[in-house]
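Reading the structure
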Amino acid sequence: MKTASIGLVGDYDAGVTAHQAIPRALALAEKPLGAPLAFHWLPTESIDSDAVLAPFDALWCVPASPYRNMDGALRAIRFAREKGRPFLGTCGGFQHAVVEYARNVLGWTDAEHAETAPDAVRPVIAPLACSLVEVKDKVRLLPGTRIAAAYGASEAAEGYHCRYGINEAFRAALTSGPFRVTAEDNAGDIRALELQGHPFFVATLFQPERAALTGRLPPLVAAFARAAMNRAGTREARAIA
């Protein structure tokens, strides 16, 4: 039986709610797959080469930033984006996926996260007008997107622990290409993005993994796990060939 290997990019802290939820979410995702999921925490300071990332079928950039090594997190996101590895970024993972895209696709080498660079000239991630710390809110899932397909719905209620999001001054430039808005809140603010033309690259400002704390399988984690398993199957087929 094939096993998909998932790298959890982030600095594990047992006190972080999302870090408690993620292993439970992956365990719940195993049942519909009928196959095991192996996961390994990747501290950001350990990600100093692509060789560290290559063994994993999929990467999940997890909440609880600022990371101890921002460059390590950005390297992992870039690896997933360029190598076609399934990628999920939640909360801090969403924010850093935006920074990575701005720097390495749009060529904005000065793109920054205001949490770690408050005086930046180009803070593509900036403080939210209204903090979303321990808030649950509705999000509208745009039709024809991976996230809408995962939920099988046009709306969902999700939990947050977040103070930063996309800087509206850069919204148009960031989302006019393949990095598309796929979920918004009732005010029209971006809550999820997907990279078109990629096997699976989804980033959410909310933390879908929190559903696992009440015993519910998060639909987006289920979709991510399927993508990881598909990658594992492809890897094994290539090894046999």
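Below, the structure is looked at part by part. Note that the structure is predicted; figures quoted are calculated from it, not measured.

Observations concerning helix 1 (residues 17–33)
Taking 1.5 Å per residue as the helical rise, helix 1 with its 17 residues ought to reach 24 Å, and the 25 Å between its terminal C-alpha atoms agrees with that figure. Listed in full, the buried residues belonging to helix 1 are A18, H19, A21, I22, A25, L26 and A29. Angular distribution of buried residues about the axis of helix 1 spans 145 degrees; they occupy a single face of the element.

Looking at the nonpolar core
Core analysis: the largest hydrophobic core is formed by 81 residues, its most contacted members being L59, W60, V98, V124 and L174. Not counting residues within four places of it along the chain, the set of residues in contact with L174 comprises V98, Y101, A102, L106, W108, V124, I166 and F179.

A few points about the pattern of salt bridges
Throughout the structure, instances matching the rule amount to 15 salt bridges. Two residues, E112 and R103, come together in a salt bridge whose shortest N-O distance is 3.1 Å. Exposure remark for E112: the relative accessible area of 21% places this residue in the partly exposed category. What makes R103 buried here is its relative accessible area of 18%. Put simply, K138 and E155 hold a salt bridge, and the shortest N to O gap is 3.9 Å. A residue pair is termed long-range when its members are at least 10 positions apart, and K138 in strand 6 (residues 122–141) and E155 in strand 7 (residues 155–166) qualify at 17 residues. Judged by relative accessible area, K138 falls into the partly exposed class, the value being 43%. A single network of salt bridges, built from pairs that share partners, joins R78, R81, E82 and E100.

Description of the environment of A225
Mapped onto the fold, A225 is located in helix 7 (residues 219–240). For A225, a relative accessible area of 0% puts it in the buried group. Residues A225 and G165, spaced 60 residues apart in sequence, show a C-alpha to C-alpha distance of 25 Å. When near neighbours in sequence (up to four residues on either side) are disregarded, A225 contacts A29, L33 and L37.

What to know about the packing of helix 3 (residues 70–83) against helix 4 (residues 92–104)
At their nearest, the axes of helix 3 and helix 4 sit 9 Å apart, and the two run at 75 degrees to each other. Taken together, the axes of helix 3 and helix 4 are roughly perpendicular relative to one another. Facing M70, D71, L74, I77, R78 and R81 of helix 3, the residues of helix 4 in contact are G93, H96, A97, V99, E100, R103 and N104. Of the residues that constitute the contact of helix 3 with helix 4, the class distribution is five nonpolar, three polar and five charged.

Overview of the pairing of strand 3 (residues 58–61)
Both faces of strand 3 are covered, namely the face carrying A58 and W60 and the face carrying L59 and C61. Regarding the hand of the β-α-β motif, the stretch spanning strand 3, helix 3 and strand 4 (residues 87–90) is right-handed.

A few points about the environment of A35
Positionally, A35 belongs in the loop between helix 1 and strand 2 (37–42). Each C-alpha atom of the pair A35 and D185 lies 35 Å from the other, and the pair is 150 residues apart in sequence.

Calculation criteria
- Residues numbered from 1 in each chain as written.
- Predicted model: local features only at pLDDT ≥ 70, side-chain atom pairs only at ≥ 80, totals over all residues.
- Heavy atoms only, no water.
- Helix = DSSP H or I, 4+ residues; strand = E, 2+ residues; numbered from the N terminus.
- Expected span 1.5 Å × (residues − 1).
- Buried < 20%, exposed > 50% of the residue type's maximum accessible area, 1.4 Å probe, protein only.
- Arc of directions from axis to C-beta.
- Core = buried A, V, L, I, M, F, W, Y, C linked by side-chain atoms within 4.5 Å.
- Contact = heavy atoms within 4.5 Å.
- Salt bridge = Lys/Arg side-chain N within 4 Å of Asp/Glu carboxyl O.
- Axes fitted to C-alpha atoms, helices over the stretch in contact; angles between N-to-C directions.
- Parallel < 35°, antiparallel > 145°, perpendicular 65-115°, else oblique.
- Nonpolar A, V, L, I, M, F, W, Y, C, P; charged D, E, K, R; others polar.
- Right-handed = clockwise from strand over helix to strand, strands pointing away.

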